[in-house]
Amino acid sequence: MLVEALQMRPIAFTMDYLKNAHASCLASFGNTRVLVSAMAEEGVPEFRMGKGGWITAEYAMLPASTPRRKQRDGLRKDGRGVEISRLIGRSLRSGFDLSALGEYTIRVDCDVLDADGGTRTAAISGAYCAVYDLLRKLHEADKLPLPPNDRNIGAVSVGMVQGGYVLDLCYAEDSNAEVDLNVVMTRDGGIAEVQGTGEQHPFTFVQMTEMLALAKGGIFEIFEAQDRALGKVGGAK
């Protein structure tokens, strides 16, 4: 297996990409690009009243994000998009202290501009940047008593292709993978979510552990890129 297969593709987070969004980030993982916006609304869903804020997310692929035009979501939502939207929302809520959000609802929109594998993991990693920046702005405007915590949230794909491990799979690798995992972690090393499938055959506990270790290394590279984009002092620990 080539050394490149065990490395992340070039990562970039470009902040304030949109003019009208309260906060935004263009997340690039290789040729995959996801545009994330975050908007704050006063008020929370009924089940959150008196308990703090809420973060929710929506994910969609633009029609020209793939070589063959993808149809827009209509009244009937794309099941894959709904599942990924929920994944992004859960991931963000695992990293931010909802009780510190007052009674704000943060709505995150993730739109895939170019899809070359790892769109959901790029969306999660970029969404963290957008939400962190939004909460920081709210705190600086005296609308939130506390600044956002530094519990970064990052996600990456890892898998097995032709019997070897591959980190941050592109589309060609993902479409031929024997095993495909999506791993979401927080800065303190906690695992927020793992989605894994033996596409062609089951995989062992040892292989699972080795892939998680490979994913952790990649995610901590993501944390460092997030910190640079957000202008944080210091790097990932």
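What comes next concerns the included structure. Predicted, not measured: the structure shown is a model, and the values here were computed from it.

**Observations regarding helix H1 (residues 79-95)**
1) Next: The terminal C-alpha atoms of H1 lie 25 Å apart, and with 17 residues this matches the ideal 24 Å at 1.5 Å per residue to within 8%.
2) Next: Of all the residues in H1, the buried ones are Gly81, Ile84, Ser85, Leu87, Ile88, Gly89, Ser91, Leu92 and Gly95.
3) Next: If you follow the buried residues of H1, they end up packed against strand S4 (54-61), strand S5 (104-114), helix H2 (119-140), strand S6 (153-161), strand S8 (179-186) and strand S9 (191-198).

**Quick look at the pattern of salt bridges**
1) Next: In the structure shown here, the tally under the stated rule is 13 salt bridges.
2) Next: Residue Asp116 is joined to Arg9 by a salt bridge in which the shortest nitrogen-to-oxygen separation is 3.9 Å. You can see Asp116 sitting in the loop between S5 and H2 and its partner Arg9 sitting in the segment before strand S1 (11-15), a full 107 residues away along the chain.
3) Next: Measuring nitrogen to oxygen at the nearest pair gives 3.3 Å for the salt bridge that ties Glu83 to Arg120. Taken together, the residues span a long stretch of sequence, with Glu83 in helix H1 and Arg120 in helix H2 at a distance of 37 residues.
4) Next: Counted as one network, the salt bridges with shared partners bring together Asp16, Asp133, Arg136 and Lys137.

Calculation criteria
- Residues numbered from 1 in each chain as written.
- Predicted model: local features only at pLDDT ≥ 70, side-chain atom pairs only at ≥ 80, totals over all residues.
- Heavy atoms only, no water.
- Helix = DSSP H or I, 4+ residues; strand = E, 2+ residues; numbered from the N terminus.
- Expected span 1.5 Å × (residues − 1).
- Buried < 20%, exposed > 50% of the residue type's maximum accessible area, 1.4 Å probe, protein only.
- Contact = heavy atoms within 4.5 Å.
- Salt bridge = Lys/Arg side-chain N within 4 Å of Asp/Glu carboxyl O.

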